Amino acid sequence: MKPYPKYFDKIRIRRDKDAEAKTQAPLCQWDGCREPGTHRAPVGRMREGEYFRFCFDHVREYNKSFNYFSGVSDSEVARFQKEALTGHRPTWKMGVNNAARSAPDFAQMRSGRAGYYNRMRDPFNIFGTDPNTPPRQRKARPLEAKALETLGLTAEATAKQIKSRYKELVKRHHPDANGGDRGSEDRFRDVLQAYRVLKQAGLC
């Protein structure tokens, strides 16, 4: 038997990460302790981002007695908890902070979120826009515009005006009212089709 078989070189031993961390860690900062400080513990209030280094036993001991709000009044603790709900950022009631409109999000010549707010309709003034500004009129699509033209109406026509005009034209061009005139019959068919288009579009 060979002293070093061919499989001997293929044996791999998994590294002990905990052992490596202990060799590279600084000493525990607990008084009188000589163990490696492998665990971090926060220093305290107003020193966020700073940490003590303790061994496992002493970090548990430290955490038992650690109090972030030590020396802080109850009212300050309550205020901190309330502000934490919004990430310690200021908030306003809707429509109160009109100065926020000067922020880049509301700029007129930007893309992204700003473009979204500039295109968004706000007929109920939810986002603090000018209440005197009338809501934007709905632009008629090509088929709708052609149907309105057939009825002799403009894009600003209301549902009531569309229905009134439709009834008027139906009475005028109905075959029974024109003695079977073919020209009037074609016009009657166009009026029916135009009204159907407008009704499907929800304009009447």
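Residues numbered from 1 in each chain as written. Predicted model: local features only at pLDDT ≥ 70, side-chain atom pairs only at ≥ 80, totals over all residues. Heavy atoms only, no water.

1. Describing the packing of helix 5 (residues 142–150) against helix 7 (residues 182–200)
Here comes step 1: Closest axis-to-axis distance for the helix 5/helix 7 pair is 9 Å, and the angle between their directions is 135°. One way to sum up the angle between helix 5 and helix 7 is to call them oblique. Handedness of the crossing formed by helix 5 with helix 7: left-handed. Only Arg187, Asp190, Val191, Ala194, Val197 and Leu198 of helix 7 make contact with helix 5, whose side of the interface consists of Leu143, Glu144, Ala147, Leu148 and Thr150. (Axes fitted to C-alpha atoms, helices over the stretch in contact; angles between N-to-C directions. Helix = DSSP H or I, 4+ residues; strand = E, 2+ residues; numbered from the N terminus. Parallel < 35°, antiparallel > 145°, perpendicular 65-115°, else oblique. Left-handed = near helix turned anticlockwise from the far one by under 90°. Contact = heavy atoms within 4.5 Å.)

2. Some words on the environment of Arg189
Here comes step 1: Among the secondary structure elements, Arg189 is positioned in helix 7.
Here comes step 2: In this structure, the C-alpha to C-alpha distance between Arg189 and His174, residues 15 residues apart in sequence, is 9.2 Å.
Here comes step 3: Within polar-contact distance, the side chain of Arg189 engages the side chain of Asp186 at 3.0 Å. (Polar contact = N/O pair within 3.5 Å; in protein donor to acceptor, adjacent residues only side chain to side chain.)

3. Points about the side chain of His173
Here comes step 1: Turning to its location among the elements, His173 is positioned in helix 6 (residues 159–173).
Here comes step 2: Owing to a relative accessible area of 14%, His173 belongs among the buried residues under this scheme.
Here comes step 3: With residues near it in sequence (within four places) discarded, His173 still touches Asn178, Ser184, Arg187 and Phe188. (Buried < 20%, exposed > 50% of the residue type's maximum accessible area, 1.4 Å probe, protein only.)

4. Topic: a positive patch on the surface
Here comes step 1: Taken together, Lys163, Lys167, Lys171 and Lys199 make up a surface patch of like positive charges.
Here comes step 2: Among the elements that make up the positive patch, the one with the highest residue count is helix 6 (three residues).
Here comes step 3: As for its position among the elements, Lys171 is in helix 6.
Here comes step 4: Judged by relative accessible area, Lys171 falls into the exposed class, the value being 66%. (Patch = residues over 30% accessible without salt bridge, like charges linked within 9 Å, V, L, I, M, F, W, Y side chains within 5 Å. Areas by Shrake-Rupley, 256 points an atom, 1.4 Å probe, with all protein chains shown as cover. Salt bridge = Lys/Arg side-chain N within 4 Å of Asp/Glu carboxyl O. Lys, Arg positive; Asp, Glu negative; His and termini not counted. Charge placed at Lys NZ, Arg CZ, Asp CG, Glu CD.)

5. Let's talk about the confidence of the model for the protein chain
Caution is warranted with low-pLDDT regions, since their predicted coordinates should not be read in detail.
Here comes step 1: Looking at the protein chain as a whole, the pLDDT averages 77, with 68% of positions reaching at least 70.
Here comes step 2: Below a pLDDT of 50 lies the segment residues 102–112, which in the model reaches 13 contacts outside its immediate sequence neighbourhood of four places, other chains included. (pLDDT = per-residue confidence, 0-100.)

6. What to know about the packing of aromatic side chains
Here comes step 1: For the coordinates displayed, the defined rule picks out nine aromatic pairs.
Here comes step 2: Where Phe54 meets Tyr62, the ring centres are 5.2 Å apart and the plane angle is 40°; that geometry is what we call tilted.
Here comes step 3: Take Phe54: its relative accessible area is 5%, and that puts it in the buried class.
Here comes step 4: Ring plane angle 15° and centroid distance 3.9 Å describe the contact between Tyr166 and Tyr195, whose orientation is recorded as stacked. Taken together, the positions of Tyr166 in helix 6 and Tyr195 in helix 7 put the pair 29 residues apart, joining distant regions of the chain. (Phe/Tyr/Trp six-rings, centres within 6.5 Å; stacked < 30°, edge-to-face > 60°.)

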